[in-house]
Every structure is written in structure tokens, then in C-alpha cells.
Amino acid sequence: MKVCICGGGNLGHVIAGYVAAKQGYEVRLLTRCPQLWGELTIEKPGGSETRAGLSLVTDDPQLAVADADIVLLCLPGYSIREVLLQIEPYLRPPTAVGSVVSSTGFFFQAMEVLPPDIPLFGLQRVPFIARVIEYGHRARLMGYKEELRVAVEHSSKGEELRSMIEQLLDTPTRLMNNCYEVSLSNSNPLLHPSRLYDLWADYQPGIVYDCVPLFYEEWTEHAATVYMEMDGELQQLLAVLPVEQGCVPSVLDYYESTDARSLARKLQSIEAFKGIKAPMKAVEGGFVPDFYSRYFTEDFPYGLAVVQQLAHQKDVATPMMDRCLGWWNKIKQKIGDE
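What counts as what
Here the residue index of a chain counts from 1 through its sequence in written order. The model is predicted, so local features are restricted to residues of pLDDT at least 70 and side-chain atom pairs to those at 80 or more, both for listing and for counting; the totals for chains, interfaces and linings are taken over all residues. Side-chain numbers come from the whole structure's heavy atoms, not from hydrogens or water. Note: two strands are recorded as paired if DSSP finds a minimum of 2 bridges between them. Starting at the N terminus, helices and strands are each numbered in turn, a helix being any DSSP run of H or I of at least four residues and a strand any DSSP run of E of at least two. Categorising residues by exposure relies on relative accessible area from a 1.4 Å probe, with only protein chains included: less than 20% of the type maximum marks a residue as buried, more than 50% marks it as exposed, and the intermediate range marks it as partly exposed. In what follows, a contact means two residues having at least one pair of non-hydrogen atoms within 4.5 Å. A pocket here means an open set of points on a 1 Å grid, computed over the protein atoms alone, that has protein on both sides within 12 Å along at least five of seven lines. A cavity is instead a set of points where a 1.4 Å probe fits but cannot get out; residues with an atom within 4 Å of a point line either one. Grid points are joined across faces, edges and corners, and a volume is the space filled by probe spheres set on the points. When residues are grouped by polarity, Ala, Val, Leu, Ile, Met, Phe, Trp, Tyr, Cys and Pro land in nonpolar, Asp, Glu, Lys and Arg in charged, and all others, Gly among them, in polar. Ring pairs are drawn from Phe, Tyr and Trp, using the six-membered ring of Trp, whenever the two centres fall within 6.5 Å, and their geometry is named by plane angle: stacked under 30 degrees, edge-to-face over 60, tilted for the rest. We call a charge positioned over a ring when the NZ of a Lys or the CZ of an Arg lies within 6 Å of the ring centre and within 35 degrees of the ring normal. By definition here, a helix of n residues has an expected span of 1.5 Å times n minus one. Taking the helix axis as origin, the arc is that swept by the directions to the C-beta atoms. Within this scheme, the nonpolar core is defined by two criteria: the residues are buried Ala, Val, Leu, Ile, Met, Phe, Trp, Tyr or Cys, and they are joined through side-chain atoms within 4.5 Å. The axes are straight lines fitted to the C-alpha atoms, using for helices just the contacting stretch, and the angles between their N-to-C directions are given from 0 to 180°.

Peer 1: Help me understand the pairing of strand β13 (residues 280–283) in this model?
Peer 2: Along any regular strand the residues' side chains alternate between the sheet's two faces. Summarising the sheet, β13 and strand β14 (residues 286–289) pair through four bridges and their orientation is antiparallel. If you follow Val 283 over to β14, its bridge partner there is Gly 286. Connecting β13 to the next strand, β14, in antiparallel fashion are two residues, including Gly 285 with a positive phi near 90 degrees.

Peer 1: What is the right way to look at the side chain of Ser 194 in this model?
Peer 2: Within the secondary structure, Ser 194 sits in helix α7 (residues 188–200). The class for Ser 194 is buried, based on a relative accessible area of 0%. Once you skip the residues sitting within four places of it in the chain, Ser 194 turns out to touch Trp 219, Ala 223, Val 226, Tyr 227 and Met 230.

Peer 1: Teacher, can you tell me more about the layout of surface pockets here?
Peer 2: Vacant regions in the atomic arrangement are exposed by a probe of water-molecule size rolled over the atoms. Considered as a void within the structure, the largest pocket measures approximately 1500 Å³ in volume. Along its surface, the largest pocket is lined by 44 residues, and Val 126, Ile 129, Lys 145, Ser 187 and Asn 188 are the ones closest to its centre. Where the lining of the largest pocket is concerned, the elements lending two or more residues are α1 (10–20), β9 (128–134), β10 (138–144), β11 (148–153), α7 and α11 (294–297). Within the lining of the largest pocket, the residues separate by chemical class into 21 nonpolar, eleven polar and twelve charged.

Peer 1: I keep staring at the packing of aromatic side chains and nothing clicks. Help me out?
Peer 2: Pairs of aromatic rings are described using the distance from one ring centre to the other and the angle between the two planes. Tallied over the entire structure, the rule returns 21 aromatic pairs. Between Tyr 18 and Phe 128, the ring centres sit 5.1 Å apart and the planes meet at 50 degrees, which makes this aromatic pair tilted. With a gap of 110 residues between them, Tyr 18 in helix α1 and Phe 128 in strand β9 connect regions that are remote in the sequence. Taking the centre distance of 6.0 Å and the plane angle of 10 degrees together, the rings of Phe 296 and Phe 300 count as stacked. Here the aromatic residues Tyr 197, Trp 200, Tyr 203, Phe 291, Phe 296, Phe 300, Trp 327 and Trp 328 are joined through ring pairs into a cluster of three or more. A cation over an aromatic ring shows up here: Arg 125 above the ring of Tyr 254, its NZ or CZ 3.9 Å from the ring centre.

Peer 1: Would you explain the environment of Ala 96 in this entry?
Peer 2: Structurally, Ala 96 is set in strand β7 (residues 96–99). In this structure Ala 96 comes out as buried when scored by relative accessible area, which is 2%. Separated by 69 residues in sequence, Ala 96 and Val 27 place their C-alpha atoms 15 Å apart. Ignoring anything within four residues of it in the chain, the contact list for Ala 96 reads Asp 69, Ile 70, Val 71, Pro 119, Phe 121 and Leu 161.

Peer 1: Where do I start with helix α5 (residues 158–169) in this structure?
Peer 2: Helical periodicity: at 3.6 residues per turn, an α-helix aligns residues three or four positions apart in one direction. Its twelve residues give α5 an end-to-end C-alpha distance of 17 Å, which sits within 8% of 16 Å, the value for a rise of 1.5 Å per residue. Those residues of α5 not exposed but buried are Gly 158, Leu 161, Arg 162, Met 164, Ile 165, Leu 168 and Leu 169. Viewed end-on, α5 has its buried residues packed into an arc of 160 degrees, placing them on one side of the element. Just past α5, the residue Asp 170 takes up positive phi, approximately 55 degrees.

Peer 1: Explain the nonpolar core here, please?
Peer 2: Note on soluble globular proteins: their nonpolar side chains tend to be buried together. Core analysis: the biggest nonpolar cluster contains 78 residues, and Val 71, Val 97 and Trp 219 have the highest contact counts within it. Not counting chain neighbours up to four residues away, the residues in contact with Val 71 comprise Cys 4, Cys 6, Val 65, Ile 87, Leu 91, Thr 95, Ala 96, Val 97, Gly 98 and Phe 121. If you look at the next biggest cluster of nonpolar residues, it comprises 37 residues, including Val 14, Val 19, Ala 52 and Phe 128.

Peer 1: Explain the environment of Val 226 to me, please; I cannot follow it from the model alone.
Peer 2: With respect to the element layout, Val 226 can be found in helix α8 (residues 221–238). Residue classification places Val 226 among the buried residues on the basis of a relative accessible area of 2%. In this structure the C-alpha to C-alpha distance between Val 226 and Val 101, which are 125 residues apart in sequence, comes to 23 Å. With residues near it in sequence (within four places) discarded, Val 226 still touches Ser 194, Tyr 197, Met 320 and Cys 324.

Peer 1: What's the story with the sheet that holds strand β3 (residues 40–43) in this structure? I'm lost.
Peer 2: Across a sheet, paired strands are connected by hydrogen bonds in the backbone, their directions being either parallel or antiparallel. Strands sit in the order β4-β3-β10-β9 across an open sheet of four strands; the sheet is mixed. With one partner strand each, in any of the chains shown, β4 (49–52) and β9 form the two edges of the open sheet. Across this sheet, the average inter-strand angle for adjacent strands is 25 degrees, counted without regard to direction. Two elements, β9 and β10, share six bridges in a ladder whose sense is antiparallel. Note that in β10 the partner of Phe 128 across the bridge is Tyr 144.

Peer 1: Just checking my understanding: could you explain the sheet that holds β11 for this structure?
Peer 2: An order of β5-β2-β1-β6-β7-β8-β11-β12 is seen for the eight strands of this open sheet, with the pairing classed as mixed. Every interior strand has two partners, whereas the edge strands, β5 (56–58) and β12 (173–175), have only one. For this sheet, the mean inter-axis angle between neighbouring strands, taken without regard to orientation, is 20 degrees. Two strands pair when backbone bridges link them, and strand β8 (residues 120–123) and β11 are joined in this way by four bridges, in the antiparallel orientation. Within the sheet, the bridge partner assigned to Leu 120 lies in β11 and is Glu 153. With respect to the sheet, helix α3 (residues 77–87) is in contact with β1 (2–6), β2 (26–30), β6 (70–73) and β7, its orientation differing from that of β6 by roughly 155 degrees.

Written as C-alpha cells, this is what we have:
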């Protein structure tokens, strides 16, 4: 099977190396920096490693996607449209184009950019927790999902694509009914903004902090409350869409919690999240929020805003989402004036 991975970030590294190490797969990588890549070593939980050479690493979209069976985008939301436009001239059915996570607006952008005869697929949540150790050479697979959920559009072969993804990632994979069921997520699009709002709702230009907090291990009950309220608004949206009940479990169900206190404790305790710091940068005298990190540039405009806009179209009230997005819009204005 010929697989093209688009994007050389954390997930691009791990998925490319993981799949290339399997028998029967030819893996190509489309990246802006092909000259920096070589043999990939993937560190796995428990201390084992796999090494793999990619068939092709290129910045040429035609070479990358020509006659591929699957094109998998491992990209932030703000890069999806650009890459779709790059590869569109070279795509031919039955090549399927998908995203490693759909909550960054993948389906909505792909339906605008790609012709309707190109099959589309997208995962509800990322298959792995991944970190780059040495760019182009070594990455760490830090955690697996027990099950993946995938939606397929523009194709009558949903089951075939589901099976291909299951074999590709060695994880049981469930086929969902439509793109809403994987695009509307209470993972990063709600999770990250909840904590960011909790940390810096009172931020003003000129404030300097003396330390960088841990993003998850110091998660607060207030952040958990914000998260739960936005999830409640999402659940109201799902109730008016043509989706299966429970397709997106509530955050309390997903994290096996009962209230804000237990949810905060659960998020503090997740092993794969330990050591992750809040997005900040060093300045004279301490640290300030890094408003140009992907926590901000992806999860607000390509995550939370997508959910909010669809909710407004369906006349679903979103007071907490409105509050968080309103705060972010004010922050953008402030940093733009600096």
C-alpha cells in the first residue's frame, strides 16, 4: 500500500516511522524541509524502538501523492487548506484523502477544495501521543488509543477505508455515520481553550510571570468547570444534528469523572500529559504567554470557533464558548497593537 503523509510535526514523524516499519507499506512524506530527514527511529512505550527508512521525502506535492492509495494529513488547522490546494491537481480517484484528526475543520475545508469524487476520511482523535526528539530522525510514541473512530464522506466504500485505517495504525477502528461525529470534538478544541482561559483571563500587556505552570498537572477546578460548560454546549449542538446519540461522549464520561473536582484530578494524573508546560516564552524578568503557539493559533480559530459557528447556525446558545472566544479576540487585538 502506498501511503503519503503530509506534515513533518510530532504525529507526522511517529506515523511515518511507525507505518514504514511495517511489512507491505511504501511511505512517502510531503514536508517543507526534506533535506533534514533520514532514517527514522521511533521510541515506543516500554523502551523498545523501531527503525525505518521512508520511500520518499519531498517538498514536491506531485511526487508525494501520485498514485498513492491514502494521503494522510498530519497538519494543524491553519495549514490544511494550503496543502489541499497544493495536492489537488495531482489527486485521482480512488486515492483517499484524510486527516489524522478532524476537529480542526478538515472535512469542511476539504469539501470546499477537493472535487466530490475524491474519498474523504477523518479520525475523531489522534491515534498516538507523539513527540519529536530529533527532527527528521527520532521521535517518541508516548501513548496509544484503545479504539479509533473514523468518518468517511464522498465514498460508498466506508467499510473498506475503515479496515485500511485499522490495519495501518494497528488499532481497532469504528466507522461513524458522518463527518459531524468526528469533526465536533470536546478534545483539544475545548480542552486547550478551557485551560488557557483559566490561566490568563486577566492578562494585560506588560504583565510578566515568574514561572511557567504545568498545563495538565496543575489543572484547576475552574478550568474543569469551563471545560464542562463548553462541553455541555457542544452536547446541545449534537442533539440537533443527524448524529448517533453518544457519538461524542461527555467529558465527564470520557474521563470517568463526576464533577469539576474529580475531572481536574483526572487530568492532573494522566501519565502521558505529565511534564507538559503551558505555552510561554522567556522575556526579561520572567515569562509571558506565547500567543503564537498552536494552542492559540489552532485551537481557537480552527477548533472552538468551528463548533461555535455551527452552533449559532443551529440556534444553539453557547455562552461559555462566546466568552472564551471573545477573550481570545480581545487578546489578538491587544497583541496586534503592541
